[in-house]
Amino acid sequence: TVSGDVVLTAAVEEAINFDSVNIKGKLVTEETPVAKARTMNAVASLNPIASLNAVAEEKPRTTLKITFANSVVAYVEIKKVDTTLSVIDATQITLLKVESNGASIQTDPGVILPNLNISKGVTQIELNASIAKVEIDTNDDIKISGSGNFQSVEVKTDKTVELATTGTIATLATDTANVKL
């Protein structure tokens, strides 16, 4: 059990696996540095350590893959570009917030994420998941791809929202008069 927050620094760039971890605070991926992207040529495994820092050599940007198995996490905030979040087995994540492009959210068929907030600045995201509530609050046009079932989708932007997905949306709501779907 981790009582505080877990910060994945820019040094963690390829993969990190959490198995049977309880994070009562939030897990945050640091933003990708604008000037230079870094990568680490190893797979890190955390069971449970509150903060992970590593020395990395400079290389082209790679996708970070975070996997949660049989874990409980209060809050996950994805700020790093090109991050894949995989939620498997009996994992529970109370709130997921995505603040960067190229994120991919994947869940096992039996896992339902309760809340996903797609935040300002996100222009593309892939959802292969079942999610109870999706809130789209970006200030740019956005393309959502993938496959999944969504109980409720709330659009809080007047920008174009392209739903290039398969699956179902039970309720679609907006508080913006000029939304484009």
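Everything that follows concerns the structure shown earlier in this document.
Below, the structure is looked at part by part. From a predicted model like this one, the values you see are computed outputs, not experimental measurements.

Examining the overall build of the protein chain
Inference 1: Check the secondary structure of the protein chain and you find zero helices and 16 strands.
Inference 2: Classification of the 181 residues of the protein chain by burial places 44% in the buried group.
Inference 3: Long-range pairs, those at least 24 residues apart, make up 27% of the contacts in the protein chain with a sequence separation of at least 6.
Inference 4: When the accessible surface of the protein chain is totalled, it reaches about 8500 Å², and 47% of it is carbon and sulfur.

Quick notes on the side chain of Thr107
Inference 1: Among the secondary structure elements, Thr107 is positioned in strand β12 (residues 103-107).
Inference 2: Setting aside chain neighbours within four positions, we find Thr107 in contact with Val87, Leu113, Asn128, Ala129 and Ser130.

A closer look at the pairing of strand β3 (residues 22-29)
One face of the sheet, then the other: side chains in a regular strand alternate in exactly this way.
Inference 1: Sheet topology places strand β1 (residues 6-8) next to β3; three bridges connect them, and they run parallel. Paired with Val7 across the strands is Val28, a residue of β3.

Here we look at unusual backbone geometry
Residues apart from glycine generally show negative phi values, whereas peptide bonds are mostly found in trans.
Inference 1: Residue Ser20 is not a glycine yet carries a positive backbone phi of 55 degrees.
Inference 2: Tracing the backbone through its elements, the reader meets Ser20 in the loop between β2 (15-19) and β3.
Inference 3: Looking at Ser20, the relative accessible area reads 53%, which means it is exposed.
Inference 4: Backbone geometry at Asp82 places phi at a positive 60 degrees, although glycine is not the residue there.

Some details on the packing of aromatic side chains
Inference 1: Counted by the stated rule, this structure contains one aromatic pair.
Inference 2: When the centroid spacing of 4.6 Å and the interplanar angle of 15 degrees are considered together, the rings of Phe18 and Phe68 count as stacked. Here Phe18 is found in strand β2, whereas its partner Phe68 is found in strand β8 (residues 64-69), with 50 residues between them in sequence.
Inference 3: The class of Phe68 is buried, set by a relative accessible area of 0%.

Definitions and limits used
Residues numbered from 1 in each chain as written. Predicted model: local features only at pLDDT ≥ 70, side-chain atom pairs only at ≥ 80, totals over all residues. Heavy atoms only, no water. Helix = DSSP H or I, 4+ residues; strand = E, 2+ residues; numbered from the N terminus. Buried < 20%, exposed > 50% of the residue type's maximum accessible area, 1.4 Å probe, protein only. Contact = heavy atoms within 4.5 Å. Areas by Shrake-Rupley, 256 points an atom, 1.4 Å probe, with all protein chains shown as cover. Pairing = 2+ DSSP bridges. Phe/Tyr/Trp six-rings, centres within 6.5 Å; stacked < 30°, edge-to-face > 60°.

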